[in-house]
Amino acid sequence: MTLLSILLATLAVGIGSVWLAAALMRVGALMPADGATARGPAGQHLLSLAAGALLATAFMNLLPEALESGANAQGLFGTLLVGLVFFFLLDKAELWHHGHEHHHGHGHAHDHEHAHADDPARDEPRMSGGWAVLTGDSVHCFGDGILIASAFIADLRLGLVAAVAVAAHEVPHHIGDLAVLRQVSGSRRAALLKVSMAGAVTPLGGLVGWWLVDRLEGWLPYFLVVASSSFIYVALADLIPQLQKRLGARETLAQVAWLLVGIALVSAVGVLAHTH
């Protein structure tokens with residue numbers, strides 16, 4: 001039953017988030033500006049919601065569950081610190097890789113769009129950039145699957161909450177991926193197919209996570225803390241800095257409101273899952 005829940009949840013998150021991102025772009029709700037976010041108020045609201053969902057999942061669900069396991073608190077918080085540093089270094093490595101390959105400061109779609117506009121003949125760099133996006137997205141989705149599986153093994157309610165939080169983050173992430181792949185292939189359908197294939201790696205990560213964590217049950221609290229460090233880093237280092245702009249009172253209140261909506265969404269899912 002646990003394995004089935006993991007596979008269904010990771011499939012819904014991995015592919016469902018791609019299709020939702022494509023649908024939002026299709027109706028014009030979000031216009032891609034770079035590889036991680038979207039232009040306009042709707043994109044800012046989505047980022048705020050995702051940040052709230054990730055932080056609530058980490059601080060209200062994953063970390064408390066890890067502490068309640070009876071594991072050494074100092075070891076758990078040490079793992080949290082190591083996890084944050086690890087994801088920081090991983091992020092730096094990715095930025096260095098894209099900067100080295102494309103001779104830009106970062107590898108977002110904004111750079112690809114400018115490269116395409118400035119020099120249409122540069123097909124080969126854009127092709128390699130497209131495959132780089134797919135490779136990075138596949139690895140990212142694989143890791144998401146492992147994190148979701150860890151949460152499900154600890155508790156069904158925790159797994160559902162983690163799946164919702166990951167999905168909330170993946171929608172704006174996939175919007176950027178689709179924008180890059182459309183520039184590379186020139187086809188919406190081809191871009192959707194390729195990013196969906198990358199998203200389909202999420203259930204594979206879930207299967208590996210189920211096999212791995214099930215055999216290392218004593219390490220489950222530390223897996224949960226690593227998942228927490230991932231969520232916290234993404235929210236504080238990636239999403240929230242994109243919201244730190246000089247805005248009017250109405251826009252600022254809207255950001256805070258959507259942040260609270262993300263927190264409330266995770267809380268509601270947790271309560272409903274616990275009730276049933």
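Residues numbered from 1 in each chain as written. Predicted model: local features only at pLDDT ≥ 70, side-chain atom pairs only at ≥ 80, totals over all residues. Heavy atoms only, no water.

## Things to note about helix 8 (residues 201–215)
Right, on to step 1. Taking 1.5 Å per residue as the helical rise, helix 8 with its 15 residues ought to reach 21 Å, and the 22 Å between its terminal C-alpha atoms agrees with that figure.
Right, on to step 2. Within helix 8 the residues assigned to the buried category are Val201, Thr202, Pro203, Gly205, Gly206, Gly209 and Val213. (Helix = DSSP H or I, 4+ residues; strand = E, 2+ residues; numbered from the N terminus. Expected span 1.5 Å × (residues − 1). Buried < 20%, exposed > 50% of the residue type's maximum accessible area, 1.4 Å probe, protein only.)

## Re the packing of helix 1 (residues 2–26) against helix 7 (residues 188–199)
Right, on to step 1. Running from N to C, helix 1 and helix 7 cross one another at 155 degrees; their axes reach a closest spacing of 8 Å. Taken together, the axis directions place helix 1 and helix 7 in an arrangement best described as roughly antiparallel. The chirality of how helix 1 crosses helix 7 is right-handed. Facing helix 1, whose interface residues are Gly14, Ile15, Val18, Trp19, Ala22 and Arg26, helix 7 presents Arg188, Leu192, Val195, Ser196 and Gly199.
Right, on to step 2. Among the residues making up the contact of helix 1 with helix 7, the classes are represented as six nonpolar, three polar and two charged. (Axes fitted to C-alpha atoms, helices over the stretch in contact; angles between N-to-C directions. Parallel < 35°, antiparallel > 145°, perpendicular 65-115°, else oblique. Left-handed = near helix turned anticlockwise from the far one by under 90°. Contact = heavy atoms within 4.5 Å. Nonpolar A, V, L, I, M, F, W, Y, C, P; charged D, E, K, R; others polar.)

## Topic: empty space enclosed by the protein
Unfilled space is identified by rolling a water-sized probe across the atoms.
Right, on to step 1. Per the counting criterion, the structure on display carries four cavities of 30 Å³ or more.
Right, on to step 2. Residue lining of the second largest cavity: Leu54, His140, Asp144, Val166, His169, Ser230, Phe231 and Val234, and that is the complete set.
Right, on to step 3. Secondary structure elements with two or more residues in the lining of the second largest cavity: helix 5 (123–154), helix 6 (156–185) and helix 9 (220–243).
Right, on to step 4. For the lining of the second largest cavity, the leading source of residues is helix 9, giving three residues.
Right, on to step 5. Looking at side-chain class alone, the lining of the second largest cavity contains four nonpolar, three polar and one charged residues. (1 Å grid on protein atoms, 1.4 Å probe; cavity = no way out; pocket = protein on both sides within 12 Å on 5 of 7 lines; lining within 4 Å. Points joined across faces, edges and corners; volume = space filled by probe spheres on them.)

## Regarding the environment of Ala51
Right, on to step 1. Mapped onto the elements of the fold, Ala51 is located in helix 2 (residues 41–68).
Right, on to step 2. Judged by relative accessible area, Ala51 falls into the buried class, the value being 0%.
Right, on to step 3. In this structure the C-alpha to C-alpha distance between Ala51 and Ile263, which are 212 residues apart in sequence, comes to 8.5 Å.

## Some remarks on the packing of helix 1 against helix 8
Right, on to step 1. Between helix 1 and helix 8, the shortest axis-to-axis distance is 8 Å and the interhelical angle comes to 150 degrees. Between helix 1 and helix 8, the angle is such that the two are roughly antiparallel. As for the relative orientation of helix 1 and helix 8, their crossing is right-handed in sense. Listed contacts from helix 8 to Leu3, Ile6, Leu7, Thr10, Leu11 and Gly14 of helix 1 are Thr202, Pro203, Gly206, Leu207 and Trp210.

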